[in-house]
Amino acid sequence: MKKIALFIILLFAVASCKKEESVVVAEIPKAKPIVEQFGFQFNDYNVVQDTVRSGDTFGSIMDAQNLGEHQVYDIVDKVKDGFDVRTIRIGKPYTILRSKGRYKKLEAFVYQPDRGSYYVIDLRDSVSVYKKIRPILVRQRTIAGSLDGSLSEALQKEKVDIALASQITKVYAWSIDFFKLKKGDKFGITFTERYIDDTIYDGVDSLKAAFFEYKGKKIYAFPFAQNPNSKKLDYFDEDGKALKNFFLKAPLKYVNITSRFAANRLHPVQGIWKAHKGTDYAAPTGTPIMTTAAGVVEQTGYTAGNGNFVKVKHDKTYATQYLHMSKILVRRGQRVNQGDVIGKVGSTGLATGPHVCYRFWKNGVQVDALRLKLPNSAPMDKKNLPRFLQQMQPLKRELDSVASSKF
């Protein structure tokens, strides 16, 4: 019996030891990820990140820190050659690095005037300042799709900076009325985007190529510098024909035609039938009116019917006139470029509401600008065509390839 009892005691002792061993498990603490910015390891500091607020100055921001032996005026004097403290602006971010522990002594101040650069005032040993430019990476991207709303909405869906929409509408100002694009019209765009430090998106850099379906036809646009030593770019289609016309399609950015050129029309004010030798574009009072082509201001003035008006002579063949302005912004004899603002929309003279009446002369005769086949700008020099085609063809292939994979 003694032997049996001893065996049972030993059995319980072994089981108890194994149970204790299984419970004791040492947990290894996870290492904190290392955060590095502006050349500093943030893990080593007490970090404060904020933006410059209304009423803040460099001095007031510094006064709130434990400067130790340094004084604000000493710091300002020592960094003045590398950083003008008066240039800090409301809304700009800054970072304060302080020592860990009880005293939180100021060790460095970082100010970001923009996303691509920053200034560091280093207070660790002696006071010094330096500026760093962040590396910018440019990536090319091609998107394609079909419109379900505006171009801006289409770009937002593709997570593209909508500023590109404005650039595209300017390129196509002479060949596409974007208000007449329909749901389902296809497009393709190749462009480059900027990334700071390879990760921070900094918007669209440049437009490389595009096409839009318009009235059943694909209209391509490729930028090209006819003079290789010049930065001036013009846009051409796949055959090297200029997209830019001698004339803009309309004198306003946003087009709302309320009355067209007509041989006989009931005048809305006079109530009699008479010719309407222009095109009326309605817009709010004060909307900028642009000259549709470069030229010289031939006349400015006021008449009871026309109100405030400007007439521009473009060459020996063409002239345009802009009526009912609320304000004239040019003077007689002034040289103007295509797209220059020459006045503001109004309702002066015989007008029922704010609009601009756009009149067009060809060889001294008033004609319907909407029906006239207007000349393009200077064509591509034939000697440049081989270089253009070499540059354009790979871009067109990429556009067409991405588009064919989408549709």
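Residues numbered from 1 in each chain as written. Predicted model: local features only at pLDDT ≥ 70, side-chain atom pairs only at ≥ 80, totals over all residues. Heavy atoms only, no water.

Asker: Before we go on, may I ask you to explain unusual backbone geometry in this structure?
Answerer: Most peptide bonds are trans, and most residues other than glycine sit at a negative phi. The backbone phi angle of D197 is positive, close to 55°, even though this residue is not glycine. Locating D197 in the fold gives a position in the loop between β9 (186-196) and β10 (200-214). (Helix = DSSP H or I, 4+ residues; strand = E, 2+ residues; numbered from the N terminus.)

Asker: Please explain the packing of aromatic side chains as it appears in this structure.
Answerer: Inspection of every chain in the model, using the stated rule, returns 22 aromatic pairs. Here the aromatic rings of Y94 and F109 are separated by 5.7 Å at their centres, their planes lie at 35°, and the arrangement is tilted. Note that Y94 is positioned in strand β4 (residues 93-98) and F109 in strand β5 (residues 106-114), a separation of 15 residues in sequence. A single burial state applies to Y94 and to F109, both of which are buried. Look at F187 and F212: their rings are 5.9 Å apart centre to centre, the planes differ by 20°, and that puts the pair in the stacked class. Of the two residues, F187 is situated in strand β9 and F212 in strand β10; the sequence distance between them amounts to 25 residues. When sorted by exposure, F187 lands in the same class as F212, which is buried. Cluster of aromatic residues (ring-pair linked, three or more members): F58, F83, Y94, F109, Y111 and Y119. The ring of F211 has K218 sitting right over it, with the charged end atom 4.4 Å from the ring centre. (Phe/Tyr/Trp six-rings, centres within 6.5 Å; stacked < 30°, edge-to-face > 60°. Buried < 20%, exposed > 50% of the residue type's maximum accessible area, 1.4 Å probe, protein only. Lys NZ or Arg CZ within 6 Å of the ring centre and 35° of its normal.)

Asker: Whenever I open this one, the pattern of salt bridges confuses me. Can you help?
Answerer: Opposite charge on two side chains permits pairing when their charged atoms draw close. Per the counting criterion, the structure on display carries 17 salt bridges. The partner of K157 in a salt bridge is D148, with the nearest N and O atoms 3.7 Å apart. For D148, a relative accessible area of 48% translates into the label partly exposed. We note a salt bridge from K183 to D148, for which the minimum N-O separation is 3.4 Å. With a gap of 35 residues between them, K183 in the loop between α5 (163-171) and β9 and D148 in the loop between β8 (136-146) and α4 (151-157) connect regions that are remote in the sequence. (Salt bridge = Lys/Arg side-chain N within 4 Å of Asp/Glu carboxyl O.)

Asker: How should the environment of F388 be read in this particular structure?
Answerer: Its location among the elements puts F388 in helix α6 (residues 385-406). Sequence separation between F388 and F222 is 166 residues, and the spatial gap between their C-alpha atoms is 9.0 Å. Setting aside residues up to four positions removed in sequence, F388 forms contacts with F222, F224, F236, D237, E238, G240 and M380. (Contact = heavy atoms within 4.5 Å.)

Asker: Is there a simple way to explain the pairing of β4 in this structure?
Answerer: The buried fraction of β4 amounts to five of the six residues, a majority that puts the element mostly inside the structure. Summarising the sheet, strand β3 (residues 46-51) and β4 pair through six bridges and their orientation is antiparallel. Bridging from a neighbouring strand, V47 pairs with L97 of β4. (Pairing = 2+ DSSP bridges.)

Asker: Explain the side chain of E193 to me, please; I cannot follow it from the model alone.
Answerer: Relative to the elements of secondary structure, E193 occurs in strand β9. By relative accessible area, E193 is classed as buried at 2%. Within polar-contact distance, the side chain of E193 engages the side chain of R141 at 3.3 Å. Once residues lying within four places of it in the same chain are set aside, the contact partners of E193 are L137, V138, R139, R141, K159, Y201, G203, V204 and D205. (Polar contact = N/O pair within 3.5 Å; in protein donor to acceptor, adjacent residues only side chain to side chain.)

Asker: In this structure, what is going on with the side chain of R134? I would like to understand it.
Answerer: When you line up the elements, R134 lands in the loop between β7 (128-133) and β8. Judged by relative accessible area, R134 falls into the buried class, the value being 11%. When sequence neighbours within four positions are dropped, the list of residues in contact with R134 reads F38, Q112, R115, G116, S117, Y118, I196, D197 and I200.

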